[in-house]
Amino acid sequence: MSWFYNKISTVFNATLAAIGGLFASQIDSFSSQYLQRLGGHLEEATSNLERIITSLLYQDMDNSVRRVLELEALDRVDHLQRAYDMINEASFLTKPFKLFFYGEEKIFLGTLNDYVPSFNFTVGTIIYTIISIMITIVLLELIKNGILILASHRRRRKFKTSAKIT
C-alpha cells in the first residue's frame, strides 16, 4: 500500500507543480497585455487633460469648475503614468509583485477578462516556471508533513491515554 500511495502522491505533486508552472509561464504575457491596456488608458487620460487645457469648450466654463476638472485629469494622468513606469521598469523578478500592488483594479480585471494565453520563450518565463514548480513542491511537502505530524501526534496521544487506564 505504501508503494501505491507514493506513486499516487508523486503523480499528484507533479500534476500540481505542472499546473503551477503553466500559470507562472503566463506572467510575462499577462503583464505585456496589461501594460498595453494601461498605456491606452494613459493616452486617453493625457488626451483628456490636453482637451481640458486647450479646448474652447472648457475655456468658456467657470474658472473654478475648469480648474477642478483639470486637477482631476492631471491627477489621473500622474497616477496612471506612475503605475505604468513602476511596472514597465521593474525587473522580471519584481514585475509580478509590482503588477499586483501598483496595478489599476479595473484595468487588471479587464485584462484578466480579455486575456489571451500565449507562451513567450524568454529567460524570465523559464525562471517564473521553475520558481513556481519549486514553490508548489515545497508547499505540498510542507502540507503533507504537517498532516503526518498531526496524525502521528493524535495517535501517540490516544495510545498514551489508553496505557494509563489499564
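Refer to the structure printed above.
No experiment lies behind these values; they were computed from the predicted model shown. (Residues numbered from 1 in each chain as written. Predicted model: local features only at pLDDT ≥ 70, side-chain atom pairs only at ≥ 80, totals over all residues. Heavy atoms only, no water.)

Novice: Could you give an account of the nonpolar core, with specific residues and numbers?
Specialist: The tendency in soluble globular proteins is for nonpolar side chains to be buried as a group. In terms of nonpolar packing, the biggest core is built from 17 residues, with Tyr34, Leu38 and Leu80 touching the most fellow members. Looking at which element gives the most residues to this core, the answer is helix 2 (residues 27–54), with eight residues. Residues in contact with tyrosine 34, not counting those within four places in the same chain, are Ile87, Leu99, Gly103, Glu104, Ile107, Phe108 and Thr111. (Core = buried A, V, L, I, M, F, W, Y, C linked by side-chain atoms within 4.5 Å. Buried < 20%, exposed > 50% of the residue type's maximum accessible area, 1.4 Å probe, protein only. Helix = DSSP H or I, 4+ residues; strand = E, 2+ residues; numbered from the N terminus. Contact = heavy atoms within 4.5 Å.)

Novice: Break down the side chain of lysine 95 for me, citing the residues and quoting the values.
Specialist: If you trace the backbone, lysine 95 turns up in helix 5 (residues 95–102). Buried charge without a partner: lysine 95 forms no salt bridge, and the closest opposite charge is aspartate 28, 5.1 Å away. Dropping the residues within four chain positions of it, lysine 95 is found in contact with Ser31, Ile87, Asn88, Ala90 and Tyr128. (Lys, Arg positive; Asp, Glu negative; His and termini not counted. Salt bridge = Lys/Arg side-chain N within 4 Å of Asp/Glu carboxyl O.)

Novice: Outline the packing of helix 4 (residues 63–88) against helix 5, listing residues and values.
Specialist: In contact at an axis separation of 8 Å, helix 4 and helix 5 are set at 165 degrees when each is read in the N-to-C sense. Relative to helix 5, the element helix 4 is oriented roughly antiparallel. Classified by chirality, the crossing of helix 5 by helix 4 is left-handed. Within the contact between the two elements, helix 4 uses Ala83, Met86, Ile87 and Asn88 and helix 5 uses Lys95, Lys98, Leu99 and Tyr102. Its residues assigned to classes, the contact of helix 4 with helix 5 comprises five nonpolar, one polar and two charged. (Axes fitted to C-alpha atoms, helices over the stretch in contact; angles between N-to-C directions. Parallel < 35°, antiparallel > 145°, perpendicular 65-115°, else oblique. Left-handed = near helix turned anticlockwise from the far one by under 90°. Nonpolar A, V, L, I, M, F, W, Y, C, P; charged D, E, K, R; others polar.)

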